[in-house]
Amino acid sequence: MCTYTTVRESVDGSAKGPGGAWFHVSDVTVYFDHPVHAMAEHTLNIDFADPSKGPSARVALELTAESGRRLVAAIQEALAAVPEELTV
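Residues numbered from 1 in each chain as written. Predicted model: local features only at pLDDT ≥ 70, side-chain atom pairs only at ≥ 80, totals over all residues. Heavy atoms only, no water.

Participant: Got a minute to help me understand the overall build of the protein in this structure?
Facilitator: For the protein, the helix and strand inventory stands at one helix and four strands. Taken from N to C terminus, the helices and strands of the protein fall in the order β-β-β-β-α. Counting only C-alpha atoms and orienting by the principal axes, one finds that the protein spans roughly 45 × 30 × 25 Å. Counting every position in the protein, which comprises 88 residues, the buried fraction comes to 20%. In the protein, 28% of the contacts between residues at least 6 apart in sequence involve partners at least 24 apart. Per element, the accessible surface of the protein, about 6,600 Å² overall, is 60% carbon and sulfur. If you average the places of the 6 positive and of the 12 negative side-chain charges in the protein, the two averages end up 6 Å apart. (Helix = DSSP H or I, 4+ residues; strand = E, 2+ residues; numbered from the N terminus. Buried < 20%, exposed > 50% of the residue type's maximum accessible area, 1.4 Å probe, protein only. Contact = heavy atoms within 4.5 Å. Areas by Shrake-Rupley, 256 points an atom, 1.4 Å probe, with all protein chains shown as cover. Lys, Arg positive; Asp, Glu negative; His and termini not counted. Charge placed at Lys NZ, Arg CZ, Asp CG, Glu CD.)

Shown next as C-alpha coordinates:
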(Lines give C-alpha, C1' and ligand atoms only; values in the text may rest on other atoms or scores of the structure.)
Protein backbone atom coordinates (compact mmCIF):
# COMPACT_ATOMS: atom_id res chain seq x y z
CA MET A 1 0.00 0.00 0.00
CA CYS A 2 1.32 3.45 -0.89
CA THR A 3 1.14 6.28 1.61
CA TYR A 4 1.53 9.08 -0.94
CA THR A 5 3.53 10.93 1.71
CA THR A 6 5.71 13.48 -0.04
CA VAL A 7 8.09 15.88 1.68
CA ARG A 8 9.43 18.89 -0.19
CA GLU A 9 12.18 21.15 1.06
CA SER A 10 14.43 23.93 -0.19
CA VAL A 11 18.13 23.10 -0.43
CA ASP A 12 21.26 24.87 -1.60
CA GLY A 13 23.87 22.77 -3.34
CA SER A 14 25.09 21.25 -6.58
CA ALA A 15 24.50 17.97 -8.40
CA LYS A 16 26.16 16.29 -11.35
CA GLY A 17 23.55 15.62 -13.99
CA PRO A 18 23.27 14.17 -17.47
CA GLY A 19 26.44 14.50 -19.52
CA GLY A 20 28.52 15.07 -16.39
CA ALA A 21 27.58 18.75 -16.10
CA TRP A 22 27.16 20.27 -12.65
CA PHE A 23 24.11 22.36 -11.88
CA HIS A 24 22.68 24.16 -8.86
CA VAL A 25 19.94 22.36 -6.92
CA SER A 26 17.34 24.35 -5.03
CA ASP A 27 14.67 21.75 -4.27
CA VAL A 28 14.51 18.24 -2.85
CA THR A 29 11.50 15.94 -2.89
CA VAL A 30 11.46 12.82 -0.72
CA TYR A 31 8.78 10.14 -0.90
CA PHE A 32 8.30 6.39 -0.41
CA ASP A 33 6.64 4.77 -3.40
CA HIS A 34 7.08 2.35 -6.26
CA PRO A 35 10.46 2.83 -7.97
CA VAL A 36 10.97 3.44 -11.66
CA HIS A 37 14.24 1.52 -11.94
CA ALA A 38 15.36 -0.07 -8.65
CA MET A 39 14.59 -3.74 -8.16
CA ALA A 40 12.36 -3.40 -5.09
CA GLU A 41 8.64 -3.27 -4.46
CA HIS A 42 8.88 0.18 -2.81
CA THR A 43 11.79 2.57 -2.38
CA LEU A 44 12.71 5.80 -0.68
CA ASN A 45 12.88 8.20 -3.62
CA ILE A 46 14.92 11.38 -3.40
CA ASP A 47 14.86 13.92 -6.23
CA PHE A 48 17.23 16.89 -6.24
CA ALA A 49 16.27 19.53 -8.79
CA ASP A 50 16.41 23.08 -10.04
CA PRO A 51 12.89 23.57 -11.43
CA SER A 52 13.89 26.85 -13.07
CA LYS A 53 16.11 24.87 -15.48
CA GLY A 54 13.47 22.37 -16.55
CA PRO A 55 13.15 18.60 -16.15
CA SER A 56 16.73 17.79 -17.20
CA ALA A 57 18.10 19.59 -14.11
CA ARG A 58 17.24 16.67 -11.83
CA VAL A 59 19.08 13.88 -10.07
CA ALA A 60 16.99 11.01 -8.71
CA LEU A 61 17.80 8.29 -6.15
CA GLU A 62 15.78 5.16 -5.42
CA LEU A 63 16.93 3.42 -2.22
CA THR A 64 15.59 0.51 -0.26
CA ALA A 65 14.22 1.52 3.14
CA GLU A 66 17.29 0.04 4.87
CA SER A 67 19.65 1.87 2.52
CA GLY A 68 17.74 5.09 3.21
CA ARG A 69 18.17 4.59 6.95
CA ARG A 70 21.91 3.96 6.48
CA LEU A 71 22.17 7.10 4.35
CA VAL A 72 20.47 9.20 7.05
CA ALA A 73 22.80 7.73 9.71
CA ALA A 74 25.88 8.38 7.53
CA ILE A 75 24.83 12.00 6.94
CA GLN A 76 24.23 12.54 10.66
CA GLU A 77 27.58 10.95 11.56
CA ALA A 78 29.48 13.02 8.98
CA LEU A 79 27.86 16.28 10.11
CA ALA A 80 28.39 15.48 13.81
CA ALA A 81 32.15 15.15 13.16
CA VAL A 82 32.44 18.64 11.64
CA PRO A 83 33.33 21.62 13.86
CA GLU A 84 30.25 23.82 14.21
CA GLU A 85 32.00 26.90 12.83
CA LEU A 86 32.44 25.13 9.49
CA THR A 87 28.73 24.41 9.09
CA VAL A 88 27.43 27.99 9.12
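Participant: Would you take a moment to explain the side chain of Thr 43 for this structure?
Facilitator: Position of Thr 43 among the secondary structure elements: in strand S3 (residues 43–49). Looking at Thr 43, its side chain comes within polar contact range of the side chain of Asn 45, at 2.6 Å. Those residues in contact with Thr 43 that lie beyond four places of it in its chain are Tyr 31, Phe 32, Asp 33, His 34, Pro 35, Ala 38, Glu 62, Leu 63 and Thr 64. (Polar contact = N/O pair within 3.5 Å; in protein donor to acceptor, adjacent residues only side chain to side chain.)

Participant: Even after reading the chapter, I still don't get the layout of surface pockets, so can you show me in this structure?
Facilitator: Remark: the empty space left among the atoms is shown by a probe the size of a water molecule rolled over them. Of the volumes computed, that of the largest pocket is approximately 240 Å³. Lining the largest pocket, in full, are Val 30, Leu 44, Ile 46, Phe 48, Leu 61, Gly 68, Leu 71, Val 72 and Ile 75. Within the residue set of the lining of the largest pocket, elements represented by two or more residues are S3 and helix H1 (65–80). Taken together, the residues of the lining of the largest pocket break down into eight nonpolar, one polar and no charged. (1 Å grid on protein atoms, 1.4 Å probe; cavity = no way out; pocket = protein on both sides within 12 Å on 5 of 7 lines; lining within 4 Å. Points joined across faces, edges and corners; volume = space filled by probe spheres on them. Nonpolar A, V, L, I, M, F, W, Y, C, P; charged D, E, K, R; others polar.)

Participant: For this particular structure, what's the right way to read the pattern of salt bridges?
Facilitator: Side chains that carry opposite charge are capable of pairing whenever their charged atoms lie near each other. The tally for this structure, following the rule as stated, stands at three salt bridges. Taking the shortest distance from any N to any O, the salt bridge between Arg 58 and Asp 47 comes out at 3.1 Å. Taken together, the positions of Arg 58 in strand S4 (residues 58–63) and Asp 47 in strand S3 put the pair eleven residues apart, joining distant regions of the chain. The class for Asp 47 is buried, based on a relative accessible area of 11%. A salt bridge links Glu 66 to Arg 70; its shortest N-O distance comes to 3.8 Å. Linking Glu 66 with Arg 70, this pair stays in helix H1, spanning four residues, or about one helical turn. (Salt bridge = Lys/Arg side-chain N within 4 Å of Asp/Glu carboxyl O.)

Participant: Which parts of the structure should I look at to understand the environment of Lys 53?
Facilitator: Topologically, Lys 53 is positioned in the loop between S3 and S4. Taking C-alpha positions, Lys 53 is 26 Å from His 34, a pair spaced 19 residues apart along the chain.

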